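Structural features, examined
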Amino acid sequence: MKSLFVIAAMVSMPFHALSADIPECFVGRWKSDEALTLEDMRKHPEVTEKAKALFENQFFGRLVLVFGPGYGGGYLEGEQTRADISFEKFDVMEHGTNWATLRSNVLGVEQHQQWFCESGRIYALVSRWEFREYFSPLP
């Protein structure tokens, strides 16, 4: 259960300023795609029933991310607005043309998270089960 709180904290934390090394496919406005995320989560039989119940109860689908050259931020739709975005530093540890590994500090704990671009969307590997949280582009 502790890892679920870490996931919740990561989702609610603002995203951080981006290094110039971030692949261009990440640049834009993105919204968490609940349907695609839950579809991927259900492919992981190791996800517990308790975790599934939490994730399937509107856990995904509210986080909006904004990525640009040199910056990034996020807010929870319905609870915050674009004005609430704050930007802090994070490091691009590794990257390719359609992926990046980002290092940030979440609640005093160093986190490494992998991000990917695929079919016009982006996704991160989330939770201890490493299923994909998809984000679809916003205008």
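These notes cover the structure that comes with them.

**Quick notes on the side chain of Thr101**
Structurally, Thr101 can be placed in strand E5 (residues 99–106). According to the relative accessible area criterion, Thr101 is buried, its value standing at 9%. Leave out the neighbours within four places in its chain, and Thr101 touches Asp91, Val92, Met93, Glu94, His112, Gln113 and Gln114.

**Some words on unusual backbone geometry**
Phi is positive for Gln58, close to 60°, though the residue is something other than glycine. Of note, Gln58 is situated in the loop between helix H3 (49–55) and strand E2 (63–68). Look at Ser127: it is not a glycine, yet its phi comes out positive at around 70°. Structurally, the position occupied by Ser127 is in the loop between strand E7 (121–126) and strand E8 (131–138).

**What to know about the state of the cysteines**
A full pass over the atoms with the stated rule returns one disulfide. There is a disulfide in this structure between Cys25 and Cys117, and the S-S distance comes to 2.0 Å. An S-S torsion of about 80° defines the bridge between Cys25 and Cys117 as right-handed. Here Cys25 is found in the loop between helix H1 (2–12) and strand E1 (28–32), whereas its partner Cys117 is found in strand E6 (residues 109–118), with 92 residues between them in sequence.

**Let's talk about the environment of Lys52**
Mapped onto the elements, Lys52 comes out in helix H3. Taking C-alpha positions, Lys52 is 8.8 Å from Leu38, a pair spaced 14 residues apart along the chain.

**Observations concerning the pairing of E1**
For a regular strand, side-chain orientation follows a simple rule: the groups alternate between the two sheet faces. Across four bridges, E1 lies against E2 in antiparallel orientation. Bridge pairing links Lys31 to Val64 in E2. Note that E1 and E8 share four bridges and pair antiparallel. By the bridge assignment, Ser32 is partnered in E8 with Phe135.

Parameters and conventions
- Residues numbered from 1 in each chain as written.
- Predicted model: local features only at pLDDT ≥ 70, side-chain atom pairs only at ≥ 80, totals over all residues.
- Heavy atoms only, no water.
- Helix = DSSP H or I, 4+ residues; strand = E, 2+ residues; numbered from the N terminus.
- Buried < 20%, exposed > 50% of the residue type's maximum accessible area, 1.4 Å probe, protein only.
- Contact = heavy atoms within 4.5 Å.
- Disulfide = S-S within 2.5 Å.
- Pairing = 2+ DSSP bridges.

All quantities given are derived from atomic positions and should not be read as evidence of function.
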